[in-house]
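Reading the structure
As a plain string of letters, each chain reads:
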Amino acid sequence: MTLKTTLLASAVASIVCAPAFAEEVSIGVPTWTGAQAIAHVLGEIVTSRIGGTVEYVPGNNATIFQAMDQGEGDIDVHPDVWLPNQESFTKEYVDGAGTVTLSSNPYQGNQGFCVSQNFAAEYNITDITDLGRPDVAAAMDSDGNGLGEMWIGAPGWASANVNEVKTRDYGLLDFIEPIRAEEAVKTARIRDSIAKGEGYAFYCYEPHAVWYMFDVVMLTEPTYDPEKYIMVQPSDDPNWYENSMVASKDDLKQVQIAWSNPLADRSPAIAEFFANFELSADDVSSLAFEISANGREPSEVAAEWVAANSDRVDTMLGL
């Protein structure tokens, strides 16, 4: 065998034996329903259209971002990054360390506080300051401690920290007790309060299943003012509560996915798909409704959505 033939044979063998990229991804799954829905849409497209493998890993924002920063594949993607709520994480890992990438296809989110339409009509509640009226607070006091309960978010949510500061800076603490609990607790409490004709207020946002599940209204707040919206998160300052001041409505949010940069080397097709991934606020609300209100499994709802939106999925995959 000549040297030329040997080299050619070696080259062919190396091409044949070279392992293909193993398209696999670990998707972080935060607790809120919209994030669960998006996580499973991502996973369904990876498995059914790319032919990859997916692991779903529950976690809060801090855990997911730290894992993406480490880049070892424990968690590769955050499915629902709300900005500026989670800006402390994006500043650290996207802008600072440069280990995480944000998609460029956000949907828009809106945050506020809601009550049921019936409660609003009975007590003439239209604005956040109405929750500080003694008659309204008394109607929201289900445990008899003299304070009305208002759900401000789940443990670990950056938005819950914002809402805790807001409750103080809107002058509501003498009347309202801010409650942190998992979102399922909030949903059950809304349903129960409506059934019993009781008062209840809660942090709400769009997109979300709550708009399909109940007849609720978002209260007005002072127009967003950056000079009155100085929010410091616990990850940046142990004295975050004392050093924050939030006395206006949140600005409209930009919501997108984020992924660990080393994913592009390990699973390039998945990383390319993530860069093109795009959902609308209506998509997320309808997906969340099927999961929350109809009790369906996120994987089932995601598979149905992907099958019904094959043209949009093709575009995301560059086909």
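Because the structure is predicted, anything quoted here is derived from the model rather than measured.

1. Here's the deal with helix α8 (residues 183-196)
Between its terminal C-alpha atoms α8 stretches 20 Å, which fits the 20 Å expected from 14 residues at 1.5 Å a residue. What α8 keeps buried is the set Glu183, Lys186, Thr187, Arg189, Ile190 and Ser193. The buried side chains of α8 occupy one side of the element, clustering within an arc of 165 degrees when seen end-on. For α8, the exposed residues lying more than 90 degrees away from the buried face are Ala184, Ala195 and Lys196. Buried residues in α8 make contact with α2 (33-50), β6 (148-153), β8 (201-206) and α9 (210-213). Just downstream of α8, Gly197 is the residue with a positive phi angle, here 70 degrees.

2. Some remarks on helix α13 (residues 298-308)
Where α13 is concerned, the buried positions are Pro298, Val301, Ala302, Trp305 and Val306. With its buried residues spanning 130 degrees around the axis, α13 presents them on a single face. Among the exposed residues of α13, those pointing more than 90 degrees away from its buried face are Ala307 and Ala308. Residues of α13 that are buried in the fold lie against α2, α12 (281-292) and α14 (310-316).

3. Remarks on the state of the cysteines
Inspection of every chain in the model, using the stated rule, returns 1 disulfide. One disulfide in the model links Cys114 with Cys204; its S-S distance is 2.1 Å. Note on the Cys114 and Cys204 pair: the S-S dihedral is about 80 degrees, so by sign convention the disulfide is right-handed. With Cys114 in strand β5 (residues 107-116) and Cys204 in strand β8, this pair connects stretches of sequence that are 90 residues apart. For the pair shown, Cys114 and Cys204 are each scored as buried.

4. Here's the deal with the packing of aromatic side chains
A complete count under the given rule lists 18 aromatic pairs for this structure. Where Phe65 meets Tyr93, the ring centres are 6.1 Å apart and the plane angle is 15 degrees; that geometry is what we call stacked. With a gap of 28 residues between them, Phe65 in helix α3 (residues 61-70) and Tyr93 in helix α4 (residues 87-96) connect regions that are remote in the sequence. Between Phe273 and Phe277, the ring centres sit 5.7 Å apart and the planes meet at 80 degrees, which makes this aromatic pair edge-to-face. Given the relative accessible area of 4%, Phe277 is considered buried. Taken together through their ring pairs, the aromatic side chains of Trp32, Trp82, Tyr107, Trp151, Trp157, Tyr203 and Tyr205 make up a single cluster. The lysine or arginine in question, Arg168, covers the ring of Tyr241, its NZ or CZ lying 4.4 Å from the ring centre. Sitting over the face of the ring of Tyr200, Arg189 holds its NZ or CZ atom 5.0 Å from the ring centroid.

5. Some words on the nonpolar core
One finds Leu42, Ile45, Phe202, Phe273, Phe274 and Phe277 to be the most contacted residues of the largest nonpolar core, which totals 54 residues. Sort the elements by how many residues they give to this core and α2 lands first, with 8 residues. Beyond its immediate chain neighbours, meaning those up to four positions away, Ile45 contacts Ile50, Phe273, Phe277, Val306, Val313, Met316 and Leu317. Within the second largest apolar cluster, 16 residues are counted, among which are Ile125, Val136, Met140 and Tyr170.

6. Section: the confidence of the model for the protein
Scored by pLDDT, the protein has a mean of 92; 93% of the residues are at 70 or more. Below pLDDT 50 for its whole length, residues 1-19 participates in 1 contact with residues either more than four positions away or in separate chains.

7. Let's talk about the side chain of Thr90
Inspection of the secondary structure puts Thr90 in helix α4. Accessibility expressed as a relative area gives 4% for Thr90, which makes it buried. Non-local contacts of Thr90, meaning those with residues more than four positions away in its chain, are made with Phe65, Val81, Leu83, Asp95 and Leu102.

8. Topic: the side chain of Gln256
Relative to the elements of secondary structure, Gln256 occurs in strand β12 (residues 253-260). A distance of 3.2 Å separates the side chain of Gln256 from the backbone oxygen of Ser103, its partner in a polar contact.

9. Looking at the pattern of salt bridges
If you walk through the whole model with that rule in mind, you get 18 salt bridges. One salt bridge in this structure joins Asp130 and Arg133, with 3.6 Å as the shortest N-O distance. Judged by its relative accessible area of 13%, Asp130 falls in the buried class. By relative accessible area, which is 24% here, Arg133 ends up partly exposed. The salt bridge involving Arg189 is made with Asp192; its shortest N-O contact spans 3.8 Å. Of this pair, Arg189 and Asp192 both sit in helix α8, 3 residues apart, which is roughly one turn of the helix. Residue class for Asp192 comes out partly exposed when judged on its relative accessible area of 29%. Through salt bridges with shared partners, a single network forms among Lys166, Glu221, Asp250 and Lys253.

Definitions and limits used
Residues numbered from 1 in each chain as written. Predicted model: local features only at pLDDT ≥ 70, side-chain atom pairs only at ≥ 80, totals over all residues. Heavy atoms only, no water. Helix = DSSP H or I, 4+ residues; strand = E, 2+ residues; numbered from the N terminus. Expected span 1.5 Å × (residues − 1). Buried < 20%, exposed > 50% of the residue type's maximum accessible area, 1.4 Å probe, protein only. Arc of directions from axis to C-beta. Contact = heavy atoms within 4.5 Å. Disulfide = S-S within 2.5 Å. Phe/Tyr/Trp six-rings, centres within 6.5 Å; stacked < 30°, edge-to-face > 60°. Lys NZ or Arg CZ within 6 Å of the ring centre and 35° of its normal. Core = buried A, V, L, I, M, F, W, Y, C linked by side-chain atoms within 4.5 Å. pLDDT = per-residue confidence, 0-100. Polar contact = N/O pair within 3.5 Å; in protein donor to acceptor, adjacent residues only side chain to side chain. Salt bridge = Lys/Arg side-chain N within 4 Å of Asp/Glu carboxyl O.

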